Structure formats: C-alpha cells, structure tokens
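The residues making up each chain are set out below.
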Amino acid sequence: METIVDAQNLRKTYRRSDGPDIEAVKGVDLSIRRGEIFSLLGPNGAGKTTTISMISGLVSPTEGDAVIGGHSITKQPMAAKRLMGFVPQEIALYPELSARQNLLFFGRMYGLGGRKLSRRVDDLLAFLELHERRNDRIDTFSGGMKRRVNIAAGLLHKPQLIYMDEPTVGIDPQSRRRILDTVKQLRDEDGMTVLYTTHLMEEAQELSDRVGIMDHGEIIAMGTHAELTQQVGEEDRLEFTVSGGVADGAPARIQREVAGVTRVLYDAPEQAGAESVEPAAARLTVFARHGRTALPPIIQVLDSAGLVIQSVAVREPDLEAVFLALTGRELRD
Amino acid sequence: MRPILTIVLNDLRIFLSQRGNLVGLLVIPVLLTVVIGWSLGQFVGGGQARLRVDLIDLDATGMSARLIDELRATNGALVLCPLDNDADDYCSLDGEALDLNRAIERARAGGTEALIVVPAGYAAALENFQRASIDYYSMSDPLQPDAVLQSLEAVLQRVNGASMTAGVAGALLDNVTTGLDLPAFDESVRKEFLGALYRNAEQKLIEMPAPVSFETGEEEAGGDASDNGFNQSAPGMGSLYVMFTVLGGMAVLLRERRQWTLQRLMALPLSRAQILGSKIVVYFVLGMIQYMIVFAVGGVAGMDFGDDPLALLAVMAAFVLCITALTFALAPWIRSEGQARGFVLLLSLSLAPLGGAWWPLEIVPDFMRTLGHLSPVAWAMDGFQDLIWYSGGFGDVLPEIGVLLAAAAVLFVVGVRGFRYG
Ligand SMILES: Nc1ncnc2c1ncn2[C@@H]1O[C@H](COP(=O)(O)OP(=O)(O)OP(=O)(O)O)[C@@H](O)[C@H]1O
Ligand SMILES: [Mg+2]
C-alpha cells in the first residue's frame with residue numbers, strides 16, 4: 001500500500017534557559033498508508049502534539065524530516081501543506097466571528113469561494129448539527145459545539161490527509177460518538193487518510209487500522225490491534241478492587257496456586273485521609289491465560305485472606321494491557 | 001496576493017466589529033479632538049487675536065504719524081485707541097474723548113493692554129539727532145513677555161537707530177571740517193546731506209528683519225489657519241491615536257497564537273512572510289482609517305487642509321508606516337499581551353507630547369524641540385504644519401516624509417529579522 005506520510009527520526013528538543021532541555025520527541029519513525037486511520041495513543045505529555053506539529057510544519061524538527069505525499073515538510077512546506085487538513089487540539093477559531101464566518105474565512109484561505117464554498121459550509125454545519133447556531137459568535141458556543149466547528153474547519157477543502165489532535169477532548173458521549181462516526185466516514189466514504197491522536201484506549205481501538213503507542217517522546221509499539229495485543233500474549237487481564245486490611249501474601253499465593261496465572265500486579269491502597277468515609281481500596285491486576293477459568297480460584301484465595309472484593313472485571317487483551325506490559329504504568333493515570 | 005487580501009479583510013472585520021475597539025478608534029479620539037480643538041481655538045481668540053492699546057499722540061507731527069503707522073505694520077493684532085476704533089467700539093470709549101488721565105486710568109484698571117504716549121517734541125528730538133523717548137504704561141507682569149512693548153521697541157529701535165546714525169555722521173562731519181581746518185559747510189547742504197543719510201539708514205533698518213517678529217498677527221490678516229484650534233488638535237490627536245491603534249498590533253501575533261488561529265494559518269499553504277505581511281497591512285490600514293476619522297472631525301469643525309491634499313495624505317501614510325514598522329519591530333520582544341498594553345501606553349504617551357501632538361513645538365524650549373525630533377510625531381507634525389499652516393506643497397514636506405520612511409525601513413528590517421515562530 002502507498003505511503004502518504006513518511007517520517008524519519010523526528011526529534012524535537014526544546015531549549016530552556018532556566019532548566020534542563022525538554023526532549024519532547026526523541027527520534028520517531030512513522031509511516032502512514034494512504035486511506036488508513038492511524039492513531040497515536042499515549043498519555044499526557046507523551047509527545048503526540050509535538051509529533052503532529054512537526055509533520056504539519058508548525059514546528060520545525062530539531063532533527064529528522066517528514067515526507068508528505070512526496071514533499072518534504074521542511075524543504076517544500078507549501079506543497080506538503082496543500083495536501084493536508086488540520087484539526088488542532090485547541091479550539092483554533094476567531095471567537096468574535098460566527099461559526100459560519102469562521103468556516104467561510106478558512107475556506108477562502110484554502111482557495112475555495114463562491115457558491116461552492118457556501119454550500120460546503122452549510123453542509124458541514126448541518127452535518128455537525130450546528131445549523132441553528134450558524135450565525136452565533138463562537139465565544140457564545142459550548143465547548144462541544146466549538147469542537148465540532150474546529151473539526152469542520154479542517155475538513156472544508158476535503159483534504160487527502162487530515163491530522164486530528166485529540167478532537168474529542170471535553171465533550172459529552174453523544175458528541176463523541178458523532179465525531180468518531182464522522183472520522184470513520186471520512187475514511188470509508190471520502191477515502192481520506194487520518195492521523196488521529198488520543199489518550200483514550202477505546203478510541204484508538206475502535207477507530208484505527210493501526211496504532212502507534214507513544215510514551216516519553218518515543219513510539220514504543222506500533223501495528224494493528226491484533227499485532228499489538230499479540231505482543232502481550234493471549235492473556236486476559238483480571239482487575240479486582242479489594243478492601244479490608246493488608247493483602248499479606250495474597251498476590252504471591254495467587255501466582256503460585258492458580259493455574260494459568262503469569263503475573264500479578266498489586267497497587268497498595270491509597271492512604272485514606274481522615275475525612276475519607278470509604279474504606280481504602282487496593283487494586284489487584286492478574287494476568288492469566290484463561291481468565292474465566294482462573295477467576296473462581298482467585299476469589300477463593302482473596303476470601304481466605306480476609307479481603308472483601310468490591311469489583312471484578314475480566315478484560316481480553318487490549319491496548320491498555322499492551323501499554324501496561326510495556327511501561328508498567330496504566331494509560332489512564 | 002489573494003490570501004493576504006482575505007486575511008486583511010477578515011482582520012479588519014474582526015477589529016471593527018469589536019465595540020471596545022470602536023471606542024478607541026472613534027469615540028475617544030473624536031471627543032478629544034473636539035475638546036482640544038475648541039480650547040486651543042479659544043486660546044488663540046476664536047478668529048483674530050486683538051490687543052487693545054490706548055495711544056495718545058501729543059506730538060501730532062508727520063514723524064509721530066509715521067511711528068504709529070510702523071507700529072500698526074509691526075503687529076497687526078494691535079488696536080490703537082482711539083485711532084483704530086471700529087464700529088463695534090472695540091476700544092470701549094462709549095463715544096467719549098480719550099485724554100491722558102482717562103487712558104492712564106484704563107491701563108491701571110486693566111481695561112487696556114497698555115498705554116503709549118508720544119510726547120510733544122518727539123519729532124524735534126529726532127530731527128536734532130537726539131534720543132526720542134516714548135512713554136509706556138502697562139500693568140502686565142514685568143517677567144512675562146509683553147507683545148505690545150516688544151512691538152514698540154522694535155519700531156523705536158528702527159526709528160532711533162536711523163536718527164542716531166545721522167547724528168553721529170553729523171558730529172563726525174563737524175569734527176573733520178574743524179580738525180582739518182576746512183571751510184564750514186553751507187548749513188542747507190549739511191542738512192540735506194544728513195537728511196539723506198537718515199533716510200538711507202532708516203531704509204536699511206526697515207529692510208533688515210525686525211528683531212521681534214509678529215508674523216502670526218500679520219498672517220491673520222490674510223485669513224490664515226492658525227486661528228482654528230483644530231489645525232493643531234486634528235493632526236496632534238490623529239497622530240496620538242494612530243499610535244494607540246497601530247501599536248496595539250504588537251500583541252496581535254501573541255493573541256492569535258493564544259487563540260491558535262496563528263497555528264491554523266501556519267498549517268495553511270502560506271509563507272511566513274505572507275502571514276506577517278498581511279498583519280502589517282491590517283495595522284497600516286487601521287492607522288490610515290484613524291487619521292481619516294480625526295481629520296474628518298477637523299473638517300467638520302472648519303479646519304484648513306492646506307493646498308495639497310495629496311501631500312497631506314503622503315505625510316499621514318509615511319507616519320503610519322513608520323509606526324507600523326515600530327510595532328512589528330517590537331512585537332518579537334513582547335512576552336505577554338499585558339506587557340504589550342503597557343508598551344502601547346508608554347510609547348504613545350511619551351512620543352506624542354515629545355513630538356508636539358498636544359501643543360505646538362514652537363512654544364517649548366530649543367533643546368526640547370531638538371529632543372522632540374527623536375519622536376516620529378515631531379516629523380509628522382512638522383509636515384502637517386508646513387501643509388496646513390503655511391500652505392506648503394509636496395516639496396516642502398519631502399524632508400519629513402523622507403525621515404519617516406527611512407525610519408520605517410530600518411524598523412521593518414529589525415522587525416522581519418526578529419520575527420520568530422515558537
Ligand atoms: N513549546 C514548548 N516549549 C517547551 N516544552 C514543550 C513545548 N511544547 C511541548 N513541550 C513539552 O513537550 C512534551 C510533549 O508535549 P506534547 O504537547 O507533545 O504532549 P502530548 O502527547 O500532546 O500531550 P497531551 O495529551 O497532554 O496533549 C511535554 O513535556 C511538554 O511540556
Ligand atoms: Mg497534545
């Protein structure tokens with residue numbers, strides 16, 4: 001399949017006068033194929049925005065280069081930028097203008113005009129259910145409505161390639177659903193290539209053809225969902241929340257006595273403050289080859305250790321597990 | 001070119017749709033121009049400056065009449081009472097005669113600026129080449145310049161100077177004739193010779209520029225511009241508010257970066273030069289709009305635009321360009337929008353008075369005038385003055401335009417060099 005974005009050894013170091021330099025991105029290689037949705041998944045500060053900023057020409061890389069549709073973003077930025085649309089993580093709209101005026105302006109900047117542009121703007125506003133508010137100023141919009149206009153502004157010229165940097169941050173589930181559907185529709189109906197960033201595992205999992213997992217400025221794993229989960233094996237993940245004293249020896253006993261268990265992670269209960277009413281809860285994560293069959297014996301062990309189980313969840317291999325396996329940390333924190 | 005135009009129109013629309021900006025662009029400058037225009041107009045006398053001066057001629061000779069004529073010619077603002085009283089009785093004589101006592105009383109009571117008395121024997125003294133004295137009464141503060149007294153002294157210097165010259169020549173002549181034992185001159189020849197010398201000297205002194213000039217007074221006779229306060233207030237307030245408006249552009253890149261529209265623009269197929277260029281055009285246009293608004297107010301109030309509207313426009317454009325260049329030379333050094341606001345106030349409120357936006361630089365001490373020309377406002381005001389007060393043309397303001405454009409060029413280079421993206 002044809003490659004539309006090919007980034008080699010992208011590196012960005014922010015120099016600071018009052019402290020150590022920040023290595024925001026430390027040598028990222030990335031190749032995105034035409035027509036796919038590629039997600040960069042990573043926690044806050046992983047370097048997702050910095051990576052997108054370099055391959056969209058907003059920030060010049062300290063080292064490395066990216067080729068967009070055959071044009072180097074550092075050497076032929078104009079030609080490269082013509083191919084792409086951009087939905088920044090922040091709302092990038094003129095607050096004093098109406099939704100419609102904003103879209104008309106950015107449409108004109110992409111060389112559109114006349115009735116064609118005005119039709120396109122109205123279509124997008126209707127599609128994003130903003131038709132009624134089209135003539136209201138952006139600064140009177142709710143966060144979710146601004147997000148939708150922000151997305152529309154990147155789609156006006158129907159680019160071959162669109163970058164969407166955390167486009168669902170801070171909006172309700174209904175709007176999020178709509179945005180995710182929109183993204184899939186862009187790929188399936190318009191054949192667009194989408195580079196999508198998120199810190200939400202579910203979004204990356206649902207949308208992407210391929211995912212790159214980022215942490216501390218590096219891509220630590222990349223591939224399809226199946227390829228990535230294979231890396232952590234066929235293990236299920238059992239998550240327990242338990243309370244009632246110290247789990248003395250329980251994790252070790254589970255590992256020893258329960259068949260199929262490969263690893264047990266134990267998060268000590270958070271220090272409950274004096275004002276806290278609820279008993280302190282500890283988190284226990286058990287990796288097991290056959291989660292469902294391992295569940296009853298584990299519960300027995302916990303019971304006999306005098307622990308009260310507050311909740312149990314059995315998760316099949318997912319990106320969360322991959323991240324956990326690779327970093328020892330959870331994505332959500 | 002089209003993207004630049006699109007950005008410019010969009011930015012102007014945003015700027016002009018802001019109520020706060022309209023207050024700064026329209027309401028306050030218009031109010032200030034009107035208030036200052038009116039008060040300056042009051043100050044200058046709302047038409048003609050006139051000084052009521054009583055003059056009593058006890059000599060009543062041709063010579064004293066000449067003195068009075070010269071006095072009138074030297075300062076057109078003087079109304080010599082009762083000689084020059086008008087139909088409205090400007091002299092407030094109420095139809096009564098003006099004798100010496102009444103005139104002294106009037107001067108003491110402040111009813112007149114001064115009283116001038118030409119004593120009897122004035123002409124005789126002059127003709128005998130003696131110093132002729134004039135009596136002068138005034139209640140004005142001896143430490144303040146007195147326009148009437150200065151006019152009178154200028155005239156007397158001329159008249160006495162001529163008389164003294166002839167007197168000295170006559171004495172010299174007598175000395176020479178006696179010293180060399182020559183036969184004495186025939187009296188009529190001698191008188192004719194010295195008379196000619198007197199007239200000659202007087203002519204020379206008249207041709208020489210008077211030591212004190214009262215040009216404003218003379219120009220008023222020609223219906224000149226200085227009588228309308230808006231001729232000072234419109235260019236002055238216009239220039240001040242051009243600075244407020246245009247320098248505000250220092251923060252535009254910061255603001256657009258904060259609201260991420262700059263990043264969106266940068267993700268477009270646009271060069272950095274195009275983005276910077278369009279912002280420069282926006283603030284240049286806003287500056288010109290600002291001048292137009294304030295000068296329109298001046299126009300309604302009857303100010304004079306001089307004889308060369310194109311040259312006037314050129315001075316405005318050169319000044320606005322210079323301030324725009326200053327704005328974008330400073331922009332890269334600004335770290336926050338609050339800091340920018342501080343800078344705008346500091347620069348506008350120091351460069352404006354320094355450059356004569358509030359009051360004409362003519363009235364400040366020499367060194368302040370020189371210092372004032374560090375401010376671009378001074379060059380613009382010089383240009384406006386040449387065009388509006390002295391009805392100059394393009395050629396007269398070329399130096400001012402040249403200085404402003406040169407400063408603009410230097411500042412633009414600084415600005416473009418300093419323009420960085422984060
Ligand atoms: N302009 C900058 N100057 C200095 N440091 C920066 C700058 N921009 C980003 N960083 C640093 O680079 C690192 C990566 O930031 P980046 O915004 O790329 O992360 P991210 O993955 O997009 O995070 P998030 O999910 O919170 O958006 C962070 O440590 C951040 O503080
Ligand atoms: Mg980010």
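About the thresholds
Residues numbered from 1 in each chain as written. Chains lettered and ligands numbered in written order. Predicted model: local features only at pLDDT ≥ 70, side-chain atom pairs only at ≥ 80, totals over all residues. Heavy atoms only, no water. Helix = DSSP H or I, 4+ residues; strand = E, 2+ residues; numbered from the N terminus. Buried < 20%, exposed > 50% of the residue type's maximum accessible area, 1.4 Å probe, protein only. Contact = heavy atoms within 4.5 Å. Areas by Shrake-Rupley, 256 points an atom, 1.4 Å probe, with all protein chains shown as cover. Lys, Arg positive; Asp, Glu negative; His and termini not counted. Charge placed at Lys NZ, Arg CZ, Asp CG, Glu CD. Core = buried A, V, L, I, M, F, W, Y, C linked by side-chain atoms within 4.5 Å. Donors = N, O, S within 2.8 Å, 3.2 Å for Na, K, Ca; no water. Axes fitted to C-alpha atoms, helices over the stretch in contact; angles between N-to-C directions. Parallel < 35°, antiparallel > 145°, perpendicular 65-115°, else oblique. Left-handed = near helix turned anticlockwise from the far one by under 90°. Nonpolar A, V, L, I, M, F, W, Y, C, P; charged D, E, K, R; others polar. pLDDT = per-residue confidence, 0-100. 1 Å grid on protein atoms, 1.4 Å probe; cavity = no way out; pocket = protein on both sides within 12 Å on 5 of 7 lines; lining within 4 Å. Points joined across faces, edges and corners; volume = space filled by probe spheres on them. Patch = residues over 30% accessible without salt bridge, like charges linked within 9 Å, V, L, I, M, F, W, Y side chains within 5 Å. Salt bridge = Lys/Arg side-chain N within 4 Å of Asp/Glu carboxyl O. Near = heavy atom within 4 Å. Polar contact = N/O pair within 3.5 Å; in protein donor to acceptor, adjacent residues only side chain to side chain.

Let's hear about the overall build of chain A: which residues, and what values?
Helix and strand content of chain A: 11 helices and 14 strands. When its C-alpha atoms are laid out on the principal axes, chain A stretches across 75 × 45 × 45 Å. Put simply, chain A has 333 residues, and 49% of those count as buried. A fraction of 70% describes how many contacts in chain A between residues 6 or more apart in sequence connect residues 24 or more apart. Per element, the accessible surface of chain A, about 15,300 Å² overall, is 46% carbon and sulfur. Each charge class in chain A can be summarised by its mean position, and for the 40 positive and 47 negative side chains these summaries are 7 Å apart.

Any chance you could break down the nonpolar core for me, citing the residues and the numbers?
Ranked by internal contacts, the top residues of the largest apolar core, which has 140 residues, are Ile 68 and Tyr 163 of chain A together with Phe 384 of chain B. If one sorts the elements of this core by residue count, helix H13 (residues 309-330) of chain B sits on top with 13 residues. When neighbours within four sequence positions are excluded, Ile 68 of chain A is seen to be in contact with Ile 4, Val 5, Ile 55, Ile 73, Ala 80, Leu 83, Leu 161 and Tyr 163 of chain A. Counting 27 residues, the second-largest nonpolar core is a separate cluster that includes Met 63, Leu 78, Val 148 and Ala 162 of chain B.

Just give me the short version of the coordination of the magnesium ion (ligand 2), but keep the residues and values in it.
Residue and element names in this part refer to chain A. Taken together, Thr 49 (OG1) and Gln 89 (OE1) make up the full set of protein donors to the magnesium ion (ligand 2), lying 1.8 to 2.1 Å away. Placement of the pair is Thr 49 in helix H1 (residues 48-55) and Gln 89 in the loop between strand S6 (84-87) and helix H3 (99-109), with a sequence separation of 40 residues. Owing to a relative accessible area of 24%, Thr 49 belongs among the partly exposed residues under this scheme.

Tell me about the environment of Leu 197 of chain B, residues and numbers included.
Residues and elements named next belong to chain B. Mapped onto the fold, Leu 197 is located in helix H7 (residues 187-207). On the basis of relative accessibility, which here comes to 26%, the residue Leu 197 falls in the partly exposed class. The spacing of Leu 197 and Ala 162 is 35 residues in sequence and 8.3 Å in space, taken between C-alpha atoms.

Outline the packing of H3 of chain A against helix H1 (residues 2-17) of chain B, listing residues and values.
In contact at an axis separation of 9 Å, H3 of chain A and H1 of chain B are set at 160 degrees when each is read in the N-to-C sense. Our classification of the angle between H3 of chain A and H1 of chain B gives roughly antiparallel. Read as a crossing pair, H3 of chain A and H1 of chain B show a hand that is left-handed. Contact residues: H3 of chain A offers Gln 101, Phe 105, Arg 108 and Met 109 of chain A, while H1 of chain B offers Arg 2, Pro 3, Thr 6, Ile 7, Asn 10 and Arg 13 of chain B. Grouping the constituent residues of the contact of H3 of chain A with H1 of chain B by class yields four nonpolar, three polar and three charged.

Go over the confidence of the model for chain A, please, and point to the residues and values.
Per-chain confidence: chain A averages 89 in pLDDT, with 95% of residues scoring 70 or above. Model confidence for chain A, summarised as mean pLDDT per element, is weakest for strand S12 (residues 261-267) of chain A at 83 and strongest for strand S3 (residues 37-41) of chain A at 97.

Provide a residue-level description of empty space enclosed by the protein, including the pertinent values.
All names here are of chain B. All told, the structure shown has four cavities of 30 Å³ or more when counted by the stated rule. Of the volumes computed, that of the largest cavity is approximately 100 Å³. Lining the largest cavity are 14 residues, with Gln 232, Pro 360, Met 381, Asp 382 and Gln 385 positioned closest to its centre. Of all the secondary-structure elements, those providing two or more residues to the lining of the largest cavity are helix H9 (230-247) and helix H16 (376-388). Considering each element in turn, the lining of the largest cavity owes the most residues, five residues, to H16. Counted by class, the lining of the largest cavity contains seven nonpolar, five polar and two charged residues.

Report on a nonpolar patch on the surface, specifying residues and quantitative values.
Residues and elements named next belong to chain B. Taken together, the side chains of Val 23, Leu 26, Val 27, Ile 28 and Leu 31 make up a nonpolar region of the molecular surface, amounting to roughly 390 Å² of accessible area. Along the chain, Leu 31 falls in helix H2 (residues 19-44). The exposure class assigned to Leu 31 is exposed, which follows from its relative accessible area of 52%.

Go over the site of ligand 1 with me, naming the residues and quoting the values.
Residue and element names in this part refer to chain A. Residues in close proximity to ligand 1 total 13 residues, the closest being Gly 45, Lys 48, Thr 49, Thr 50 and Glu 166. A distance of 3.2 Å separates an oxygen atom of ligand 1 from a polar atom in the backbone of Ala 46. In the model, an oxygen atom of ligand 1 is placed 2.8 Å from a nitrogen or oxygen of the Lys 48 side chain. Burial of ligand 1 by the protein amounts to 64% of the accessible area it has alone, namely 630 Å². The set of elements that each furnish at least two residues to the shell around ligand 1 consists of strand S2 (22-33) and H1. Ranked by the residues each element gives to the shell around ligand 1, the list is headed by H1, at three residues. Residues that form the shell around ligand 1 fall into these classes: five nonpolar, six polar and two charged.

Lay out the layout of surface pockets in plain terms, naming residues and giving numbers.
Residues and elements named next belong to chain B. By volume, the second largest pocket is sized at about 750 Å³. Looking at the second largest pocket, it is lined by 31 residues, and the ones nearest its centre are Phe 15, Asn 21, Thr 245, Gly 248 and Arg 255. Looking at the lining of the second largest pocket, the element that brings in the most residues is helix H14 (residues 337-354), giving five residues. Of the residues that constitute the lining of the second largest pocket, the class distribution is 16 nonpolar, eight polar and seven charged.

Any chance you could break down unusual backbone geometry for me, citing the residues and the numbers?
All names here are of chain B. Geometrically, the link from Cys 81 to Pro 82 is a cis peptide bond, its omega value of 0 degrees lying close to zero. By the secondary structure assignment, Pro 82 is in the loop between strand S2 (78-81) and helix H4 (100-108). With a phi close to 50 degrees, Asp 94 is a non-glycine residue in the positive phi region. Within the element layout of this structure, Asp 94 appears in the loop between S2 and H4. Asp 94 sits in the exposed class, given a relative accessible area of 60%. Of note in the backbone geometry, Trp 260 takes a positive phi value of approximately 65 degrees without being a glycine. Mapped onto the elements, Trp 260 comes out in the loop between helix H10 (252-258) and helix H11 (261-266). According to the relative accessible area criterion, Trp 260 is buried, its value standing at 18%.

Let's hear about the packing of helix H9 (residues 250-257) of chain A against helix H10 (residues 291-304) of chain A: which residues, and what values?
All names here are of chain A. Running from N to C, H9 and H10 cross one another at 150 degrees; their axes reach a closest spacing of 10 Å. Seen from above, H9 lies across H10 with right-handed handedness. Contact with H9, carried on its side by Ala 250, Arg 253, Ile 254 and Glu 257, involves Ile 298, Val 301, Leu 302 and Ser 304 of H10 and no other residues of that element. Of the residues belonging to the contact of H9 with H10, the class tally is five nonpolar, one polar and two charged.

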